[in-house]
Amino acid sequence: MRKKSTVEIREVVNKIKENGRVKIKEGNGSILELIGLDHWNPETDDYEGIFLFFDLFQIRTVARPFSDVSLDIVEFATKPTIYHTPVNNTLHNGPIEHGNIRFSVLRKEFWNKLLFAYAQPIIVQYSKIQEFDFQTEEYFPLLSAGTKEMFLSPEGDVKIHRS
C-alpha cells in the first residue's frame, strides 16, 4: 500500500489499466474505488456504483440517446449531480439497477483530468475497506453536501430525487 500526498494522475491511470481498479483516499478521508468497466464484478461490486465522465459525449456509451433538454440539464448543471437514466441496450456489465444506471460528469479539475487521462468509462464505488493505493487532498465532488440527484429520461423528463 503506497500512500502519497501528491497523486500523479499518470500513476493512477496506469494502476487502473494494470489491475482494473484503484483505491484513492480523497480529501475528506473517504476511500473511493475507481473501476474500469470491464473489471466491474456483479458478485463483489456495488450496484450503487456511479459512472464517471469527463465530457458529455461519453454518456452515450452507457445511456440511451438523450434529448437536447436532458443534455442541456447535464451540461449547464452548476452543482455536483448524480443522474439516473435508462441504460443503453448495448451495456451488459456494470452497476445496472432496474434498467437504470447512475452517472455524473465531473468538472472539478483534478478529477476531470484523471477521467480524461483514462479516456474510458469508469465506475466509482465507496470502499468499506480502509486500505488505499493513493491519497489526494482533492475533495471528491459527489461527496459534498450540495450534491443533487435526479432522474433524466431520454425524452427530457426530469424527476428530482435529492436537491
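Look above for the structure.
Residues numbered from 1 in each chain as written. Predicted model: local features only at pLDDT ≥ 70, side-chain atom pairs only at ≥ 80, totals over all residues. Heavy atoms only, no water.

Student: What is the right way to read the nonpolar core from this model?
Tutor: Considering soluble globular proteins, one finds that nonpolar side chains tend to be buried as a cluster. Counting 24 residues, the largest nonpolar core has Val 12, Ile 24, Leu 34, Leu 52 and Phe 140 as the members making the most contacts within it. Secondary-structure elements contributing two or more residues to this core are α1 (9-19), β1 (21-25), β2 (31-36), β3 (50-53), α3 (109-118) and β6 (122-126). Residue contributions to this core peak at five residues, all from α3. When near neighbours in sequence (up to four residues on either side) are disregarded, Leu 52 contacts Leu 34, Ser 104, Leu 106, Leu 115, Ile 122, Val 124, Phe 140 and Leu 142. (Core = buried A, V, L, I, M, F, W, Y, C linked by side-chain atoms within 4.5 Å. Buried < 20%, exposed > 50% of the residue type's maximum accessible area, 1.4 Å probe, protein only. Helix = DSSP H or I, 4+ residues; strand = E, 2+ residues; numbered from the N terminus. Contact = heavy atoms within 4.5 Å.)

Student: Help me understand the pairing of β2, please; the structure alone is not making it clear to me.
Tutor: Working note: regular strand, side chains alternate between the two faces of the sheet. Extensive coverage of β2 is indicated by the burial of six of its six residues. Judged by which residues are buried, β2 turns out to be covered on both faces: Ile 31, Glu 33 and Ile 35 on one side and Leu 32, Leu 34 and Gly 36 on the other are all buried. Here five bridges tie β1 to β2, and the two strands are oriented antiparallel to one another. Pairing of Val 22 across the sheet is with Leu 34, part of β2. The loop that links β1 with its antiparallel partner β2 comprises five residues; one of these, Gly 29, has a positive phi angle of about 95°. Bridge count between β2 and β6: five bridges; the pairing is antiparallel. Looking at the pairing, Ile 35 lines up with Ile 123 of β6. (Pairing = 2+ DSSP bridges.)

Student: How should I be thinking about the pattern of salt bridges in this particular structure?
Tutor: When the charged atoms of two side chains with opposite charge come close together, those side chains can pair. All chains considered together, the criterion is met by five salt bridges. Residue Glu 33 is joined to Arg 21 by a salt bridge in which the shortest nitrogen-to-oxygen separation is 2.9 Å. In this pair, Glu 33 is assigned in strand β2 and Arg 21 in strand β1, connecting sequence segments 12 residues apart. Glu 109 serves as the salt-bridge partner of Lys 113, at 3.0 Å between the closest nitrogen and oxygen. Of the two residues, Lys 113 and Glu 109 are both situated in helix α3; the distance of four residues between them amounts to about one turn of the helix. Classification of Glu 109 as exposed rests on a relative accessible area of 55%. Connected through salt bridges with shared partners, the residues Arg 21, Glu 33 and Asp 45 form a single ionic network. (Salt bridge = Lys/Arg side-chain N within 4 Å of Asp/Glu carboxyl O.)

It is worth stressing that arrangement in space is one thing and function is another; only the former is reported here.
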